[in-house]
Amino acid sequence: MPDLRFRAVETERLIVRPFIEADAEARFALMREAFGMDWPHDQMMRWHQWTLGSYESFAALWQPPYGDYAVALKDTGELIGSVGIVPALVPWAVLDSATPTDTFVQPEFGLFWAVAKVHQGHGYAAEAARPVIAFLFDVMYTRRVIAATEFDNLASQGVMRQLGMTIRRNDSGSPPWCQIVGVLER
Ligand SMILES: CC(C)(COP(=O)(O)OP(=O)(O)OC[C@H]1O[C@@H](n2cnc3c(N)ncnc32)[C@H](O)[C@@H]1OP(=O)(O)O)[C@@H](O)C(=O)NCCC(=O)NCCS
């Protein structure tokens, strides 16, 4: 059986790796800044512990390595972002359709990405997402990966384009996190 853990990978400028204990505060600051995540600190800590534990448990259960990973600068080790693999529920029939036949959803491997504001605009998100996509295609034998975002999140759509994703629209606008869906077939 293949090892289904996503392990540390180096890119030209980055290390994409599992989070460790010491990342907690930098990770919380990133999530507050990127997504306005305002959970109480003890809830954040439980989430961080759950993330760390999930790496081992998913692998032991032969489950996909869903979850969040750290993006650090290779030169300094500074944590500058996060990428994640999430089960994304996609209502395929509503995409690019004025008259959807149904609104049923299908789970897909979804990607998320966040980069600290001071480090945005350097192409880090796509650079960090590439090894995750390579893992999903080459180790997990995934047929496709997707990323979903809002109409006005042009930066995220830019990342989708850099990754070669086809951008599809959900003109119903609902659910809001699935207004735009980037799709990459293997
Ligand atoms: C989305 C995000 C991760 C992009 O990270 P990044 O490393 O700065 O990405 P890039 O530097 O490659 O920029 C992405 C592209 O969007 C463009 N872009 C960035 N901000 C933009 C804006 N406000 N309006 C239009 N285009 C924008 C960039 O010019 C770039 O385009 P290019 O490919 O033509 O050069 C970052 O903006 C972020 O963390 N946002 C908050 C979290 C978030 O929304 N995550 C996505 C959840 S779905």
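One structure accompanies this document, and this report is about it.

### A short note on the nonpolar core
1) Next: Formed by 39 residues in total, the largest nonpolar core has its most connected members in Val71, Val83, Leu111, Trp113, Ala128, Ala129 and Val132.
2) Next: Those elements that provide at least two residues to this core are strand E2 (14–18), strand E3 (67–73), strand E4 (79–90), strand E5 (106–115), helix H3 (124–138), strand E6 (144–149), helix H4 (154–162) and strand E8 (180–185).
3) Next: Ranked by residues supplied to this core, first place goes to H3 with eight residues.
4) Next: Not counting residues within four places of it along the chain, the set of residues in contact with Val132 comprises Phe6, Val16, Val83, Ile85 and Leu111.

### Description of the site of the ligand
1) Next: Near the ligand, the surroundings consist of 21 residues, among which Gln120, Ala125, Leu154, Ala155 and Gly158 are the closest.
2) Next: At seven residues, H4 tops the list of elements feeding residues into the shell around the ligand.
3) Next: Residue composition of the shell around the ligand, grouped by class: eleven nonpolar, nine polar and one charged.

Rules used throughout
Residues numbered from 1 in each chain as written. Predicted model: local features only at pLDDT ≥ 70, side-chain atom pairs only at ≥ 80, totals over all residues. Core = buried A, V, L, I, M, F, W, Y, C linked by C-beta atoms within 7 Å. Buried ≥ 20, exposed ≤ 12 C-beta atoms within 10 Å, placed from the backbone. Helix = DSSP H or I, 4+ residues; strand = E, 2+ residues; numbered from the N terminus. Contact = placed C-beta atoms within 7 Å. Near = placed C-beta within 6 Å. Nonpolar A, V, L, I, M, F, W, Y, C, P; charged D, E, K, R; others polar.

On their own, these measurements won't tell you what the molecule is for.
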